[in-house]
Amino acid sequence: MRRFAAERAKDLIRSQSLQRQNRRRYCLLSPLFPLSSRSQSRFLSSASAPDPPPAMGSPPVTLDTINPKVLKCEYAVRGEIVSIAQRLQQELKENPGSHPFDEILYCNIGNPQSLGQQPITFFREVLALCDHPSILDKSETQGLFSADAIERAWQILDQIPGRATGAYSHSQGIKGLRDAIAAGIEARDGFPADPNDIFLTDGASPAVHMMMQLLTRSESDGILCPIPQYPLYSASIALHGGTLVPYYLDEEAGWGLEMSELQKQLDSARSKGITVRALVVINPGNPTGQVLAEENQQQIVEFCKKEGLVLLADEVYQENIYVPDKQFHSFKKIAHSMGYGDNDISLVSFQSVSKGYYGECGKRGGYMEVTGFSADVREQIYKVASVNLCSNITGQILASLVMNPPKVGDESYESYREERDGILSSLARRAKILENAFNSLEGITCNRAEGAMYLFPRIDLPQKAIKAAEAVKTAPDAFYCRRLLDATGIVVVAGSGFGQVPGTWHFRCTILPQEDKIPAVVSRLTEFHKKFMDEFRD
Amino acid sequence: MAPRALDYESLNENVKKVQYAVRGELYLRASELQKEGKKIIFTNVGNPHALGQKPLTFPRQVVALCQAPFLLDDPNVGLLFPADAIARAKHYLSLTTGGLGAYSDSRGLPGIRKEVAEFIGRRDGYPSDPELIFLTDGASKGVMQMLNTIIRGEGDGVLVPVPQYPLYSAAIALFGGSLVPYHLEETANWGLDVNDLRQSVSRARANGITVRAMVIINPGNPTGQCLSEANLKEILYFCYQENLVLLGDEVYQQNVYQDERPFISARKVLMNMGPPISRELQLVSFHTVSKGYWGECGQRGGYFEMTNIPPKSVDEIYKVASVSLSPNVPAQIFMGLMVNPPKPGDISYDLYVRESKGILESLRRRAKIMTDGFNSCRNVVCNFTEGAMYSFPQIRLPPRAIQAAKQAGKVPDVFYCLKLLEATGISTVPGSGFGQKEGVFHLRTTILPAEEDMPEIMVSFKKFNDEFMEQYEDHRGYSRM
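Reference entry: report on the structure contained in this document. The written sequence of each chain sets the order in which its residues are numbered from 1. Here chains are named by letter from A upward and ligands by number from 1 upward, in the order in which they appear as written. A pLDDT threshold of at least 70 governs which residues receive local features in this predicted model, and a stricter bar of 80 or more applies before side-chain atom pairs are shown or counted, although totals over entire chains, interfaces and linings include all residues. Working from all heavy atoms in the structure, the side-chain values ignore hydrogens and water.

Looking at the pattern of salt bridges
For clarity, the threshold we go by: One speaks of a salt bridge when a side-chain nitrogen belonging to Lys or Arg is within 4 Å of a carboxyl oxygen belonging to Asp or Glu. Working definition: with a 1.4 Å probe on protein chains only, accessible area under 20% of the residue-type maximum means buried, over 50% means exposed, and in between means partly exposed.
For the structure on display, the rule yields 55 salt bridges over all chains. The partner of A:Arg217 in a salt bridge is A:Asp221, and the shortest N-O contact between them spans 2.9 Å. For A:Arg217, a relative accessible area of 39% puts it in the partly exposed group. With a closest N to O distance of 2.9 Å, B:Arg261 and B:Glu386 form a salt bridge.

What to know about helix α11 (residues 294-307) of chain A
Residues and elements named next belong to chain A. This is how it is decided: Runs of H or I in DSSP of at least four residues are treated as helices and runs of E of at least two as strands, each being numbered from the N terminus. Given a helix with a known number of residues, its expected span is that number minus one, times 1.5 Å. Note that the arc is defined by the directions from the helix axis to the C-beta atoms. Whether two residues are in contact is decided by their heavy atoms: any pair within 4.5 Å suffices.
With 14 residues, α11 ought to run about 20 Å at 1.5 Å a step, and its terminal C-alpha atoms sit 20 Å apart, in line with that. Asn296, Gln297, Ile300, Val301, Phe303, Cys304 and Glu307 are the residues of α11 that are buried. Down the axis of α11, the buried side of the element spans an arc of 160°, and every buried residue falls inside it. Projecting away from the buried face of α11 at angles above 90 degrees are the exposed residues Glu295 and Lys306. Looking at the packing, one finds that the buried side of α11 touches β3 (221-227), α10 (259-271), β5 (275-282), β6 (310-314) and α12 (331-337). Remark: Gly308 follows α11 within two positions and exhibits a positive phi of approximately 65°.

A few points about the interface of chain A and chain B
Under the convention used in this document: Throughout, the accessible surface (probe 1.4 Å) given up by two parts as they are put together, summed over both, is called the buried area. N or O atoms closer than or at 3.5 Å make up a polar contact, with two conditions inside protein: a donor-capable atom paired with an acceptor-capable one, and, for residues adjacent in sequence, both atoms drawn from side chains.
Of the residues lining the interface, 113 residues belong to chain A; the matching set on chain B comes to 119 residues. Counting each side, the surface lost to burial between chain A and chain B is near 9,600 Å², with a carbon and sulfur contribution of 57%. Across the contact surface, chain A and chain B share one salt bridge. Linking B:Lys141 and A:Asp202 is a salt bridge whose minimum nitrogen-to-oxygen distance equals 3.0 Å. Our count for the chain A to chain B interface comes out at 44 residue pairs in polar contact (both at pLDDT 80 or more). Mapped onto the side of chain A that touches chain B, the elements with two or more residues apiece are α1 (6-29), α2 (68-72), α4 (121-131), α5 (140-144), α8 (204-215), α9 (232-239), α13 (375-387) and α14 (393-402) of chain A.

Considering the packing of α8(A) against α13(A)
All names here are of chain A. Using the following cut-off: Axis definition: a line fitted to C-alpha atoms, limited for helices to the stretch in contact. Angles are taken between N-to-C directions and run from 0 to 180 degrees. Our angle categories are set so that under 35 degrees counts as roughly parallel, over 145 as roughly antiparallel, 65 to 115 as roughly perpendicular, and the remainder as oblique. Take the far helix as your reference; a near helix turned counterclockwise from it by less than a right angle gives a left-handed crossing, and one turned clockwise gives a right-handed crossing. Each residue receives one of three labels: charged for Asp, Glu, Lys and Arg, nonpolar for Ala, Val, Leu, Ile, Met, Phe, Trp, Tyr, Cys and Pro, and polar for the others, Gly being one of them.
Where α8 meets α13, the axes come as close as 11 Å, and the angle between the chain directions of the two elements is 125°. Looking at the two axes, α8 sits oblique to α13. Considering the relative orientation of α8 and α13, their crossing is right-handed. Every residue of α13 that contacts α8 at Met210, Gln213 and Leu214 is listed here: Ile381, Val384 and Ala385. For the contact of α8 with α13, the class distribution of residues is five nonpolar, one polar and no charged.

What to know about helix α7 (residues 175-189) of chain A
Since the α-helix advances by 3.6 residues per turn, residues separated by three or four positions end up pointing in the same direction. All names here are of chain A. A rise of 1.5 Å per residue sets the reference length of α7, with its 15 residues, at 21 Å; its end C-alpha atoms lie 21 Å apart and thus fit the reference within 8%. Among the residues of α7, Gly176, Leu177, Arg178, Ala180, Ile181, Ala182, Gly184, Ile185 and Asp189 are the ones counted as buried. For α7, the secondary structure elements touched by its buried residues are α6 (147-158), β2 (198-201), α12, β8 (366-371) and α14.

Put into structure tokens, the structure is as follows:
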């Protein structure tokens, strides 16, 4: 017996009779005959068989029938405000002068090259040669490419069976490239890395998804995430049906991570029957930019070891550090320096080619380094990776270049260093200029960006503004961001997209517009903010 | 030592259920043997370039230029790259905001989606909407996205052909759904029987499963059969009656080796059927740069096209796509080039046609060589590879072989394939990885080894097979155990 929800019964009866009418009409109009003896169909003519019972309910892919976890998942970085901005951009194109600004400035997303950052020449030379290896034999190539790029391309191609960059590779990524990455990790940390621990992925994000998939059995499985966080984590947890267990970073202490807060949230979750499986730490932080002190990192390692949590270390911004008093230390290095190894702590480190000074977002390259797991768990990780066969080869090659860039003495080293340092010092300057700009605005305080690519200023919105936001059923920070977009064309993401202490309001703005655009950004922002406060000041 | 934070017991059960034989036991054993120095012929996966097929020249020229745009400023670039490749690189770069290194729109670059829509329009004779086309990092990612959208829990079933490409069974397991098998009939050239479909659905429903979707793979994998227009009509009508979304895996649409049944897309057939079905039946079609005569597996480029999916659902699908930010841009350019190849009159046209035809004609010849080769072996029966890239011969294992397999703790076809591997270095995938009728065994191999290597491979196989059959067949009249 079929069962249907009472509230759908009426609709069903209506749609059933409609469908029956249509189907009967269809049967008469298009007879279907079996083919010749080589026929693949042994279809009984529908005209002779009675009408099968009609289908029930809404079509399979409609809002009320799709996977509810999909509905639950949110990702503000490319949310509503971006769609609105794209619309405004289109309007500007069709009708110049239709808005009080000349262009839309996308400060919502860490996408450096879309805002004019240039790629590292050496990397692109190697990639181009790997894409079209048949020119390596030609003498003209020597004139167009640097010698060490040609040499590196040969090296890489020799590690690819048949030099076939168009072939699916090993599901963890090409072995030779993993060797290079492991060597790079060892050079960075001073501790060895095993190429078999490395899984190359289409960006760091798919690797995060994989770990969430492995860790989440049901809603009772929780993952500790920083608030504010990069919303990949909340989205991924929602998609996999788990529970996000928030721990608050301390804005007053430069977005510092307090161990007491971690413990408190862990205990609270457990008391509610949640099995907390892992701890996500983003270092350097996104959106907050803080770089953890070594001591803090040691405490985190001890905490995970003691509480039996997998440490998920998002380290994609490891090359974006702007302050002399902080340094990046990988969690693996910290754990090893404490004398801990594979038997003590389960640790996953995520790295990407999208950030740093290389900013190759569009290539979708990254990896996770997985340590401290048993062989049978690793087999399962491999198995899941194998269903997708492999990550894209260009991204794999780029990951090996990022972890193994030109060295002193290489032909391309000087120009590489100049490009790299130019980008990094510019990022540091922009971080400072924008931080100061935000701090100069009434009611806005902004912690310094020690690293990463973002500023996360806090606004004390006047009551009047909050009420105006409520009147249009918008969160107050989203209201501010919308007004900012409409007045200046600058796109930022409301703090609610990242999480914040309730009753506080923030927005995330990238530091990525090119340096020559920054003065205009600052002045437009300042002018807008003054007008906004004039309008809404209590 | 304290229990590990993540041990086998505490893993997501769905992950444990996943099987993906294409890179499973046989492949791992083959890799081990290769490390030990044995020559292995990997025919376990549709990976043309790994077996010597050369990439097409034109797309590689274009993408190389896009990777290194500073080349375009060099006065000597014309020495290495033809003018039309240079022009095309400039065209694709102009479609981006910031070149290959920037995240694109989460659905893919609008300009390339427009090219894909135009291709579909030319192919089918019906316009396609670029807004309903999402580029993905390979078709597999698109399939996973759609299945994750459809499957709510184990009460949701997806009709999957048996034999099937095990991405489908793996994805359904991963997302906690139920696989509802429908059988392809080997004796009718792997044909599809709508009655079997109906029975599968009834059985599933009787078990409390809500059947949500139907997968067709056309041309088929591993079976290679090409669906006729009539077949597609029946399937579409069936899905319409049963309220199923049809998932049309059409990644092998360029790989057709007979002339009776050329490729016709599910969308074209649907549109031909006219309203109401053409306006109501939900369809998602998948394509890729990995197969055809391009074989660019390593790029991870694909797309899915949605038909009759309501706007709000499209928004939700977009939302999930946005979490992964964007598909990789170089592969998007490969996709643009694939749907918009050199035209007559272009400088690169002749070379492009020569290369493409060469590959396709060779594939057609190899499909025949392999089918005939298998059919000449003892206890082996093989349907002709009408399309795709595989041969799926049936191996009639003698009872003693099956017994030996049991004793070795192996599934019979795994046992056979392992022996084949050890004896010849040919790495195949046992039919159990794809699904087959109880007690009927197959293996899947590809038709991709180089044409000049084919005769030797078939000889090597025949020698092993006939010796194996000799060993395990009870032909001397001894009583069976």
